[in-house]
Amino acid sequence: MYLFNRVTVNPQLPKRIGRITEVANNLWWSWNTEFLRLFKKIDADLWEKCDKNPVKFLKAVEQCKLEEAAKDTQFVKEYDKIVENFDGYMTSKNTWFGREYPENKNDLIAYFSAEYGLDQTMAIYSGGLGILSGDHLKSASDLGIPLVAVGLLYKNGYFNQIIDRYGMQRPEYRDINLYDLPINPVKDVDGKDLIIYIKFPKRRVYLKVWEVNVGRVKLYLMDSDLDANHEEDRDTTARLYGGDQEMRIRQEMILGMGGVNLLKTLGLRPTVYHMNEGHSAFLNLELIKNTIKEKQVSFEVAKDIASSKTVFTTHTPVPAGNDIFPIALVEKYFKDFWPRLGLSREEFLKLGMKPCEGLESGFNMGIFALRIAGKKNGVSKLHGEVSRELFSEVWPHIAPSESPITYVTNGIHTCSWLAPMLKELYNKHLIPYWQDNIHEDSVWEKVKSIPDDKLWKVHVDRKTKLLSLVKENIAKRLKREGISYEEINEITSKLNPEALTIGFARRFATYKRATLIFKDIERITQILNDANRPVQIIFAGKAHPADKEGADLIKYIHEISMKPQFKGKIFILENYNIEISRYLVSGVDVWLNNPRRPMEASGTSGQKASVNGVVNFSVLDGWWAEGYNQKNGWTIGTHAEYSSYEEQDRADSESMYDTLENKIIPTYYDKDRSGISKGWIELMKNSIISTGGKYSTARMLVDYTNNLYIPLCNLTKAYYNNIEEVAEYNSWKQNMYSSWKDIQIEQVEQNVDNVTFDAGSEIEVRCAVTIPNIDVNSIRVEVYYGRFLEDGTVQNEKIIPMKIESSDDENKKYFYVAKVNLDAGGNYGYTFRVMPCHEMILDSENLDLVKWIEK
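Structure report, in brief. Positions within a chain are numbered from 1, following the residues in the order the chain's sequence is written. Totals for whole chains, interfaces and linings use every residue, but because this is a predicted model, local features are given only for residues with pLDDT of at least 70 and side-chain atom pairs only at 80 or more, for both listing and counting. Hydrogens and water are ignored here; the side-chain numbers use all heavy atoms of the structure.

### Digging into the overall build of the protein
Here's step 1: Across its full length, the protein holds 29 helices and 28 strands.
Here's step 2: Note that the radius of gyration is over C-alpha atoms, with the globule rule given as 2.2 Å times the number of residues to the power 0.38. Whereas a compact globule of 855 residues would reach a radius of gyration of roughly 29 Å, the protein reaches 29 Å, a difference of no more than 12%.
Here's step 3: Principal-axis analysis of the C-alpha atoms gives the protein an extent of 95 × 70 × 50 Å.
Here's step 4: Contacts are residue-level and defined by heavy atoms, with any inter-residue pair within 4.5 Å sufficient. Across the protein, every contact between residues at least 6 apart in sequence was considered, and the portion connecting residues at least 24 apart equals 73%.
Here's step 5: Only the protein chains shown count as cover for residues, and the accessible areas themselves come from Shrake-Rupley with a 1.4 Å probe. Put simply, the protein shows about 37,200 Å² of open surface, and 47% of that area lies on carbon and sulfur atoms. Strands are runs of DSSP state E lasting at least two residues, helices are runs of H or I lasting at least four, and both sets are numbered from the N terminus onward.

Structural data, given as structure tokens:
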């Protein structure tokens, strides 16, 4: 065997097209896909061979082909236009944030997430959470929001899915070649790789820092795979959601605590830290520790400062959705840390537990984040309600409906998910520069002006491309598994571009009920085998490697797809990823979503489908509970509550079959002579118009900025940068806690009780409040008013502020009055309460102080 020394030769770009490398190293191209056409023009075969990866392509392309491109007048013209657009985007000062918040230009939002789905070439995401994080960064860039992001670099990424001939999912991990990706090591002042460290028990773990450019936003990723680390630590950042609980707590310490340290090392001083899920919640400890050290203050004061800087977004609708670490594991990694905060063991551990006597069995990262973060939110209106109930024990004295958790409904980065041909159609028919105003509902009204035949032609083209991908994916998988050519052909040849095509693609978790449509096998067999009105269903998705029940769902669908009556009607795709998702959400006719309500926090796949004109057919859960308007799709089931899962599944499947048979299939096949269903096109347009702006991450980021980021930024600058003010506020809180029990509320004789009024009437109500040891300006008095239900609870609550009418200063007794409008019929009740009031309070409910009038 001869000995060869290896050298790598990078092709040199001709000067005339020399900036292709610069643009290729910025993921701006992932939503400006016209740039990618340049590579196809240079060498179409190599472009496919390189999996449409521009960085990899530039390292493999022949020098002569680059020279030819530089001499091609049309190529150069397209190149110049793209570079001009890129420069205009990167240097523009006329951004939404710049116009709306010029006084906040020096603020910085730090966004932390365990995963980022930016492009299929960068496999550091697993599913919805990562896709949302990637879209968050892209829209922050589009809107000019000053944001920096932090995550982990997983060199094995998330697993590649193999589905064998029996339908069993088999995870396969492959090393990511970093040098073929738009990711570069960060250098220190001496030009060396930037290395930071985090302390683990009796050792340091060193982390190399990498940088990804996402338009105008920078994403920093930490990597523990260094020779300087112990062998057990080198693998810490190797796999996303891999390993046991000890591996998870290490990853989360690196993400949260290491991430804060990283930004500090880079000289960045964020005004706000946004925790996307609880994985990064340990950042609170690092913020508090640094504040205690730098400002020489108590834990309580440092915690108040950390609260003023933090936002926490919860994505889980179930208690088990949060990481809960065993006490022994938390002790192992933090026993030397809590003394640095001035806390005892029990005080520290209780930070991750709901208020209780003694200690619970685990440290809950979700509860920990909720207890520290100044602002908290769920990810849809319904999920906000569910979260307030789910976590109500964190604030035991506050009514569950008033737990301090708001909501910001998730969205999608429209231009990342919009089919290129549809984007061109929108460019022709929507207002000029519509992409700069995606979040405005008015932008989408012009969809009505798109000719029906043009919209349908683009959809049919996307459908044809999808079915081509399905055929290739299925044939490749079955051939690998030893299935005969004849059987493969029998399956794939039945793919029908004329058939109504339903898509179901998402993580295979049991609550998402992937197999619900097969509840009644005979009925679905009849639906799918109507020769005059054919229907086909395409499934895709991964189950978590440790989720056997989820993997069993994949196996069941595979087995169903191989039955004689379903061959060529049911397809399950292997290794679902961003690329496959783009084809599915723009190529199917109907997007099916049937989670077990109310367990879907938001869901965004349906939003991706709707902006592409695909019509949603979904349970009224997550975003669809607020997005459905009776003209833009169909619903499955009702709001009813059931005595068992079986009863719910039976009711929902019946609803599904009825809607398919009586509404969806007839509407789709009600076509005119040109082959177009006017009713279907109307549904497509309504789907686009009603969701295009409202369910974009542009609107989502506007909401985060207006309602969470900017209020925290302004509160921090007004008060929390002044240690004396924070210390005084902390003393005020301690006095409120000690004196709150002394507050007394009394009815005043003029109050009305058991009296009948006509709708539209207005009544005056009064109460007296005695506050022996609290300043009257430190409270607000309210009427709590709502409709009585038969079970004695109150619904549709309204809170009406009361005003001081008179006072008895000597006895510190104050008399309050308010007017209540009786605007609708029914039985109503009202009562009085006192809440704390201070200009530095983020949400008064955070203090868990409320005083109700008592009998």
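Now that the structure has been shown, we can carry on.
### Remarks on empty space enclosed by the protein
Here's step 1: Cavity means a closed set of points on a 1 Å grid over the protein atoms alone, one where a 1.4 Å probe fits but cannot get out, pocket means an open set with protein on both sides within 12 Å along at least 5 of 7 lines, and lining means a residue has an atom within 4 Å of a point. Grid points are joined across faces, edges and corners, and a volume is the space filled by probe spheres set on the points. By the definition in use, this model includes six cavities of 30 Å³ or more.
Here's step 2: In this model, the largest cavity occupies a volume close to 60 Å³.
Here's step 3: Surrounding the largest cavity, A114, L152, Y154, L240, Y241, R248, Q251, E252, L255 and H279 form its lining.
Here's step 4: For the lining of the largest cavity, the element with the most residues is helix α10 (residues 245–265), which contributes four residues.
Here's step 5: In terms of residue class, the lining of the largest cavity is made up of six nonpolar, two polar and two charged. Note on residue classes: Ala, Val, Leu, Ile, Met, Phe, Trp, Tyr, Cys and Pro are nonpolar, Asp, Glu, Lys and Arg are charged, and everything else, Gly too, is polar.

### So, the nonpolar core
Here's step 1: We call a set of buried Ala, Val, Leu, Ile, Met, Phe, Trp, Tyr and Cys residues a nonpolar core when their side-chain atoms join them within 4.5 Å. Under the scheme applied here, a residue whose accessible area is under 20% of the maximum for its type counts as buried, over 50% as exposed, and between as partly exposed, the area being computed with a 1.4 Å probe on protein chains only. Formed by 248 residues in total, the largest nonpolar core has its most connected members in F35, F282, F334, F348 and W680.
Here's step 2: When near neighbours in sequence (up to four residues on either side) are disregarded, W680 contacts W456, L500, D589, V590, V615, W634, I664, T667 and Y668.
Here's step 3: If you look at the next biggest cluster of nonpolar residues, it comprises 24 residues, including L467, I483, I538 and V588.

### Regarding the sheet that holds strand β19 (residues 615–619)
Here's step 1: What makes two strands pair is DSSP finding at least two bridges between them. Here six strands make up an open sheet; going across it, the order is β17-β16-β15-β18-β19-β20 and the pairing parallel. Where the open sheet ends on each side, the last strands, each with one partner, are β17 (570–573) and β20 (633–636). Sheet twist, expressed as the mean angle between neighbouring strand axes with direction ignored, is 20°.
Here's step 2: Pairing of strand β15 (residues 500–505) with strand β16 (residues 535–540) involves six bridges; the strand directions are parallel. Of the residues in β16, the one forming a bridge with L500 is V535. An axis is simply a line fitted to the C-alpha atoms; with a helix, the fit covers only the stretch in contact. Between two such axes, the angle follows the N-to-C directions and lies from 0 to 180 degrees.

### Some thoughts on the packing of α10 against helix α11 (residues 283–295)
Here's step 1: As a packed pair, α10 and α11 sit with axes 6 Å apart at the nearest point and diverge in direction by 50°. In terms of axis orientation, α10 runs oblique to α11. In this structure, α10 crosses over α11, and the sense of that crossing is right-handed. Contacts between α10 and α11 pair G256, M257, V260 and K264 from the former with L283, E286, L287, N290 and E294 from the latter.
Here's step 2: Class assignment for the residues of the contact of α10 with α11 results in four nonpolar, two polar and three charged. Should an angle fall under 35 degrees it is taken as roughly parallel, and over 145 as roughly antiparallel, whereas 65 to 115 is taken as roughly perpendicular and any remaining angle as oblique. The hand of a helix crossing depends on one turn: near helix anticlockwise from the far one by less than a right angle means left-handed, and clockwise means right-handed.

### Examining the layout of surface pockets
Here's step 1: Considering only enclosed or pocket space, the second largest pocket measures out at about 1,200 Å³ in volume.
Here's step 2: Lining of the second largest pocket is provided by 40 residues; of these, N32, Y89, Y433, Q435 and D436 occupy positions nearest its centre.
Here's step 3: Counting only elements with at least two residues in the lining of the second largest pocket, the list comes to α6 (73–91), α7 (96–100), α8 (128–143), α17 (414–417), α18 (420–429) and α28 (697–720).
Here's step 4: Here the lining of the second largest pocket gets seven residues from one element, more than from any other, and that element is α6.

### Topic: a positive patch on the surface
Here's step 1: Residues K199, R204, K293 and R340 make up a contiguous surface patch of positive charge.
Here's step 2: Along the chain, the position of K293 falls in helix α11.
Here's step 3: On the basis of relative accessibility, which here comes to 65%, the residue K293 falls in the exposed class. Patch membership is restricted to residues that have no salt bridge and whose relative accessible area is over 30%. Joining uses 9 Å for like charges and 5 Å for the nonpolar side chains Val, Leu, Ile, Met, Phe, Trp and Tyr. Salt bridge criterion: a side-chain nitrogen from Lys or Arg within 4 Å of a carboxyl oxygen from Asp or Glu. Counting rule applied: Lys, Arg positive; Asp, Glu negative; His and chain ends not counted. Where a charge lies is defined by one atom per residue type, namely NZ (Lys), CZ (Arg), CG (Asp) and CD (Glu).

### Some words on a negative patch on the surface
Here's step 1: On the surface, a cluster of negative charge is contributed by D45, E48, D51 and E472.
Here's step 2: If you trace the backbone, E48 turns up in helix α3 (residues 44–49).

### Comments concerning the packing of aromatic side chains
Here's step 1: Stacked, edge-to-face and tilted are the three classes for Phe, Tyr and Trp ring pairs, Trp counted by its six-membered ring, which pair at centre distances within 6.5 Å; planes under 30 degrees apart are stacked, over 60 edge-to-face, the rest tilted. Under the counting rule described, the total for this entry stands at 44 aromatic pairs.
Here's step 2: When the ring of F504 is compared with that of F508, the centres are 6.3 Å apart and the planes differ by 65°; the resulting orientation is edge-to-face.
Here's step 3: For F504, a relative accessible area of 1% translates into the label buried.
Here's step 4: For F508, a relative accessible area of 1% puts it in the buried group.
Here's step 5: Taken together, the ring pairs in this structure connect F282, F334, F337, W338, F348, F363 and F368 into an aromatic cluster.

### A word on the pattern of salt bridges
Here's step 1: Per the counting criterion, the structure on display carries 61 salt bridges.
Here's step 2: Residue E232 is joined to R203 by a salt bridge in which the shortest nitrogen-to-oxygen separation is 3.9 Å. In this pair, E232 sits in helix α9 (residues 231–234) while R203 sits in strand β7 (residues 203–214), placing the two residues 29 residues apart along the sequence.
Here's step 3: For R203, a relative accessible area of 16% gives the class buried.
Here's step 4: Residues joined in a network through salt bridges with shared partners are R203, E232, D233, E246, R250 and K332.

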